[in-house]
Amino acid sequence: MRYFSTRGAGPSSLDEALQSGIASDGGLFLPEQLPTFRVSDFDDAESIPEIAKVLLSPFFAGSELQDDIDGILAETFSFPIPVTEVSSVGRNGYLLELYHGPTAAFKDVGAGFLAACLSRLESRAGSPLTILVATSGDTGGAVAAAFDRRPGMRVVVLFPDGRVSDRQEHQLCCWSENVLSLKVQGTFDDCQTLVKAAMGDAELSKIHRFSSANSINIGRLLPQSTYYADASLRHFRRTGVKPGFIIPTGNLGNGFACVMAREMGLPIGPVILATNANKTIADYFESLEWLPRASLQTLASAMDVGDPSNMERLRKLIGEADVLRDQLGVTSVSDEAIKVAMRQDFREFGFATCPHTATATHTWRHLDPELAEGHDWILVATAHPAKFETIVEPLIGVKVPLPPELADILSRPTRSVSIEPTLESLAAALQGIG
Ligand SMILES: *Cc1c(COP(=O)(O)O)cnc(C)c1O
């Protein structure tokens, strides 16, 4: 399989696309052509790793990793991804629980796959690769957990001091010697600027061999298609109905993975992107004009994105807004509505949801009746509510029990280094990494 940039450059191999993250012309990698499947192609695949193998094997054609697929997928899908039935306003729906991984959010799937692939490619290289990741909370933890203790790989996490929750900070700073956690005296934008500056610095790049692990890497997206394949196949085999999905959306990686699965022939009905008050996508579908903007702070902070990068992939794969809006729904959910939804989820489901997941449950409850009744709906639960306890607990009035994976992380000692938001300060800190 050959990979091309959304802006034309290429071809590249899967291995090159995974290692470089972004294409040489600044675009995002896409496979030359998506493979297509029939439902019966999955007849012998029962478990998620087996379904992943059928779905993802074509993407590995010609890769050095071709013979390592089983090991890569076993590592990636080492935790359950269950679907739970819920009911509200006289209807039944389903919750796809993507939060049973090491850091209790769906990003564990993409980060785990990328780490499994890169560590195998890197074991064949000479000097260690340094993954730089700027994070406002969730991504850094998932990436650090996935690369923790992997030989030949180092991770440098940059986060804005005082702007992540206590539990989030703990998850960013509790790893072993190959992970360096940097508390930047600045904003998330400063962290991102620093990463770009470091990657663009010829001298530093030569010493450290930088790579990135943010959601523009195709290695984060490919494995995410698997849980849409698995959930839709199970539902379709049981009921004969293609389920629709409602997906909390920020940078559009998770939503894109679902669209990709549908394009590949999986039995998926309507797809709705649920966004927070950052309504760049909703405005695009309405006005047909793509107007990225600065992000707004909301309760669903991991979705605070004003310029979703994966829109570039979606436009290349499907088309512009006039085409896209016939194939995808989009909603924008206010903080007020998120709060109402979290309270109602707790009352009606009997367990709490996180603020991101609440954008999907709100959207589901307020679907146009014809759309609501005409389909079965799977709502995507992107993180465990215990990660956002300072928002969730005051609203529902009870403590959210810690899942075992989070309890384990929060019992570990932490360490971090504070830096000024300058390249000199970052370069000095990089000398200290093991
Ligand atoms: C990252 C994240 C999202 C948004 O996912 P995208 O792929 O960026 O659209 C939603 N919810 C949670 C909990 C996240 O961490």
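Scroll up a little and you will see the structure.
Residues numbered from 1 in each chain as written. Predicted model: local features only at pLDDT ≥ 70, side-chain atom pairs only at ≥ 80, totals over all residues. Heavy atoms only, no water.

Trainee: Tell me about the packing of helix α2 (residues 48–56) against helix α10 (residues 224–239), and please be specific about residues and values.
Mentor: Running from amino to carboxyl end, α2 crosses α10 at an angle of 115 degrees, the nearest separation of the two axes being 9 Å. The angle between α2 and α10 places the two elements in the roughly perpendicular class. α10 is crossed by α2, and the crossing has right-handed handedness. Across the interface between the two elements, I48, I51, A52, L55 and L56 from α2 touch S225, T226, A229, D230 and L233 from α10. Among the residues forming the contact of α2 with α10, the class breakdown is 7 nonpolar, 2 polar and 1 charged. (Axes fitted to C-alpha atoms, helices over the stretch in contact; angles between N-to-C directions. Helix = DSSP H or I, 4+ residues; strand = E, 2+ residues; numbered from the N terminus. Parallel < 35°, antiparallel > 145°, perpendicular 65-115°, else oblique. Left-handed = near helix turned anticlockwise from the far one by under 90°. Contact = heavy atoms within 4.5 Å. Nonpolar A, V, L, I, M, F, W, Y, C, P; charged D, E, K, R; others polar.)

Trainee: Pulling in residues and values, what's your account of unusual backbone geometry?
Mentor: Put simply, G10 and P11 share a cis peptide bond, and its omega is 0 degrees. You can see P11 is positioned in the loop between β1 (3–5) and α1 (14–20). The backbone of V89 sits at a positive phi, close to 40 degrees, despite the residue not being glycine.

Trainee: Break down the packing of aromatic side chains for me, with residues and values.
Mentor: Aromatic ring pairs are described here by two measures, namely the spacing of the ring centres and the angle between the planes. As enumerated under the stated definition, the model contains 7 aromatic pairs in all. Ring geometry for F37 versus F42: centroids 5.4 Å apart, planes at 50 degrees, classification tilted. Each member of the pair F37 and F42 is classed as buried. An angle of 85 degrees between the planes, with centres 5.1 Å apart, marks the rings of Y228 and F245 as edge-to-face. On the criterion of sequence distance, the pair formed by Y228 in helix α10 and F245 in strand β9 (residues 244–248) is long-range, its members being 17 residues apart. No difference in accessibility class separates Y228 from F245, as the two residues are buried. Among the aromatic side chains, those forming a connected cluster through ring pairs are Y227, Y228 and F245. Sitting above the plane of the W364 ring, R91 keeps its charged end 5.7 Å from the centroid. (Phe/Tyr/Trp six-rings, centres within 6.5 Å; stacked < 30°, edge-to-face > 60°. Buried < 20%, exposed > 50% of the residue type's maximum accessible area, 1.4 Å probe, protein only. Lys NZ or Arg CZ within 6 Å of the ring centre and 35° of its normal.)

Trainee: Please provide a residue-by-residue account of the site of the ligand, values included.
Mentor: In the vicinity of the ligand lie 14 residues, with K107, D138, G250, N251 and T382 positioned nearest. Contacts to the ligand include D138, whose side-chain N or O atom sits 2.7 Å from an oxygen atom. In the model, an oxygen atom of the ligand is placed 2.7 Å from a nitrogen or oxygen of the G250 main chain. For the ligand, whose accessible area on its own is 380 Å², the fraction buried by protein is 97%. (Near = heavy atom within 4 Å. Polar contact = N/O pair within 3.5 Å; in protein donor to acceptor, adjacent residues only side chain to side chain. Areas by Shrake-Rupley, 256 points an atom, 1.4 Å probe, with all protein chains shown as cover.)

Trainee: With reference to specific residues and values, describe the nonpolar core.
Mentor: By size, the foremost hydrophobic cluster in this structure holds 92 residues, and its most contacted members are L96, F147, Y228 and F245. Residues L299, A300, M303 and V400 belong to the second largest nonpolar core, which totals 21 residues. (Core = buried A, V, L, I, M, F, W, Y, C linked by side-chain atoms within 4.5 Å.)

Trainee: Outline the pairing of strand β10 (residues 271–275), listing residues and values.
Mentor: Most of β10 is tucked away: 5 of the 5 residues are buried. Of the two faces of β10, the one lined by V271, L273 and T275 and the one lined by I272 and A274 are each fully buried. Two elements, β9 and β10, share 4 bridges in a ladder whose sense is parallel. Its bridge partner being in β10, P248 is matched across the sheet by A274. Crossover β9 to β10 through helix α11 (residues 253–263) is right-handed. Taken together, the 5 bridges between β10 and strand β11 (residues 328–332) define a ladder with parallel strand orientation. Considered in β11, the bridge of I272 is made with G329. (Pairing = 2+ DSSP bridges. Right-handed = clockwise from strand over helix to strand, strands pointing away.)

Trainee: Explain the sheet that holds β11 to me, using residue names and the numbers behind them.
Mentor: Think of a sheet as strands paired side by side through backbone hydrogen bonds, with each pair either parallel or antiparallel. Strand order in the open sheet made by the 6 strands is β3-β4-β12-β9-β10-β11, with mixed pairing throughout. Looking at which strands have only one partner, the edges of the open sheet turn out to be β3 (83–88) and β11. Each neighbouring strand pair of the sheet contributes to a mean axis angle of 25 degrees, computed without reference to strand direction. Most of the contacts of α11 go to β9, to which it runs at about 160 degrees, and overall it touches β9, β10, β11 and β12 (377–381).

Trainee: Before we move on, could you go through the pattern of salt bridges and cite the residues and values that matter?
Mentor: Applying the stated criterion across every chain, the model contains 21 salt bridges. The partner of D138 in a salt bridge is K387, and the shortest N-O contact between them spans 3.1 Å. Within this pair, whereas D138 is found in helix α5 (residues 138–147), its partner K387 is found in the loop between β12 and α18 (389–396), the two being separated by 249 residues in sequence. Relative accessible area serves as the criterion here: at 8%, D138 is assigned to the buried category. In this structure K387 comes out as buried when scored by relative accessible area, which is 2%. Note that E348 and R365 form a salt bridge whose closest N and O atoms lie 3.3 Å from each other. Taken together, the positions of E348 in helix α15 (residues 335–349) and R365 in helix α16 (residues 355–365) put the pair 17 residues apart, joining distant regions of the chain. E348 sits in the partly exposed class, given a relative accessible area of 31%. Several salt bridges converge on common partners, so that one network encompasses E75, R120 and R150. (Salt bridge = Lys/Arg side-chain N within 4 Å of Asp/Glu carboxyl O.)

Trainee: So what's going on with the packing of helix α4 (residues 107–122) against α5? Residues and values would help.
Mentor: Between α4 and α5, the least distance of the axes is 8 Å, while the angle of their chain directions is 40 degrees. By crossing handedness, the relation of α4 to α5 is classed as right-handed. On the side of α4, the interface is formed by K107, D108, A111, G112, L114, A115 and L118, while α5 contributes D138, T139, A142, V143, A146 and F147. For the contact of α4 with α5, the class distribution of residues is 8 nonpolar, 2 polar and 3 charged.

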